[in-house]
Amino acid sequence: MKIYISGKITGDRRYKAKFREMEKKLAAAGHIVLNPATAPEGLRPVDYMRLCFAMMEAADVVLFMQDYQDSRGAMLEWAWCQYVGKQTCFDLAAFGGTDA
């Protein structure tokens, strides 16, 4: 399954490690992981969102980490998923991993 990870990036100094940990758990369970924290630094917010929407479009499901509501970008991702009917989840255990 292709899984996109959504969560707080801006303002979280630990975001790369947090997203990398989630990616490892999902990959260990056999999934293809689309990780927005691997995007190059220095882009404008609108460019990051374009990349994120493209990854979400390619994903089978979007996994929202616990802090997603603290992120304007992740809230846009949530709204997009609701609008287009993209499958969403909040529990890593649903994908054969341990709790997010």
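Read on for a plain summary of the structure. In this text, all values refer to a predicted model and were calculated from it rather than measured experimentally. (Residues numbered from 1 in each chain as written. Predicted model: local features only at pLDDT ≥ 70, side-chain atom pairs only at ≥ 80, totals over all residues. Heavy atoms only, no water.)

A word on the sheet that holds strand β4 (residues 87–89). Pairing is parallel in the open sheet, where 4 strands are placed in the order β2-β1-β3-β4. Only two strands of the sheet have a single partner each, and these edge strands are β2 (32–34) and β4. Taking each pair of neighbouring strands and ignoring which way they run, the sheet shows an average axis angle of 30 degrees. Alignment of strand β1 (residues 2–6) against β2, held across 3 bridges, turns out to be parallel. From the neighbouring strand, K2 faces β2, where its bridge partner is I32. Against the sheet, helix α1 (residues 15–28) makes contact with β1, β2 and β3 (61–64), and its axis sits at roughly 160 degrees relative to β1, the strand it touches most. (Pairing = 2+ DSSP bridges. Helix = DSSP H or I, 4+ residues; strand = E, 2+ residues; numbered from the N terminus. Axes fitted to C-alpha atoms, helices over the stretch in contact; angles between N-to-C directions. Contact = heavy atoms within 4.5 Å.)

This part covers the environment of C89. With respect to the secondary-structure elements, C89 resides in strand β4. Take C89: its relative accessible area is 13%, and that puts it in the buried class. Sequence-wise, C89 and D12 are 77 residues apart; in three dimensions their C-alpha atoms are separated by 22 Å. (Buried < 20%, exposed > 50% of the residue type's maximum accessible area, 1.4 Å probe, protein only.)

This part takes up the pairing of β3. Because side chains alternate across β3, one face comprises the buried residues V61 and L63, and the other comprises V62 and F64, equally buried. As paired elements, β1 and β3 share 4 bridges and run parallel to each other. Pairing of S6 across the sheet is with F64, part of β3. Relative to β4, β3 runs parallel, the two sharing 3 bridges. Each residue of the ladder has a partner; that of V61, found in β4, is Q87. Between the parallel elements β3 and β4, the chain passes through helix α3 (residues 72–84) in a crossover that is right-handed. (Right-handed = clockwise from strand over helix to strand, strands pointing away.)

A few words on the packing of aromatic side chains. In total, this model carries 7 aromatic pairs according to the counting rule given. For the pair F64 and W78, a centre-to-centre distance of 5.3 Å together with 80 degrees between the ring planes defines the contact as edge-to-face. Taken together, the residues span a long stretch of sequence, with F64 in strand β3 and W78 in helix α3 at a distance of 14 residues. With a relative accessible area of 22%, W78 lands in the partly exposed category. Considering the side-chain rings of Y68 and F90, the 5.6 Å spacing of their centres and the 40 degrees angle between planes classify their relative orientation as tilted. Separated by 22 residues along the polypeptide, Y68 in the loop between β3 and α3 and F90 in the segment after β4 bring together distant segments of the chain. Given a relative accessible area of 9%, Y68 falls into the buried group. Given the relative accessible area of 40%, F90 is considered partly exposed. Three or more aromatic residues joined by ring pairs make a cluster, and in this case those are F64, Y68, W78 and F90. (Phe/Tyr/Trp six-rings, centres within 6.5 Å; stacked < 30°, edge-to-face > 60°.)

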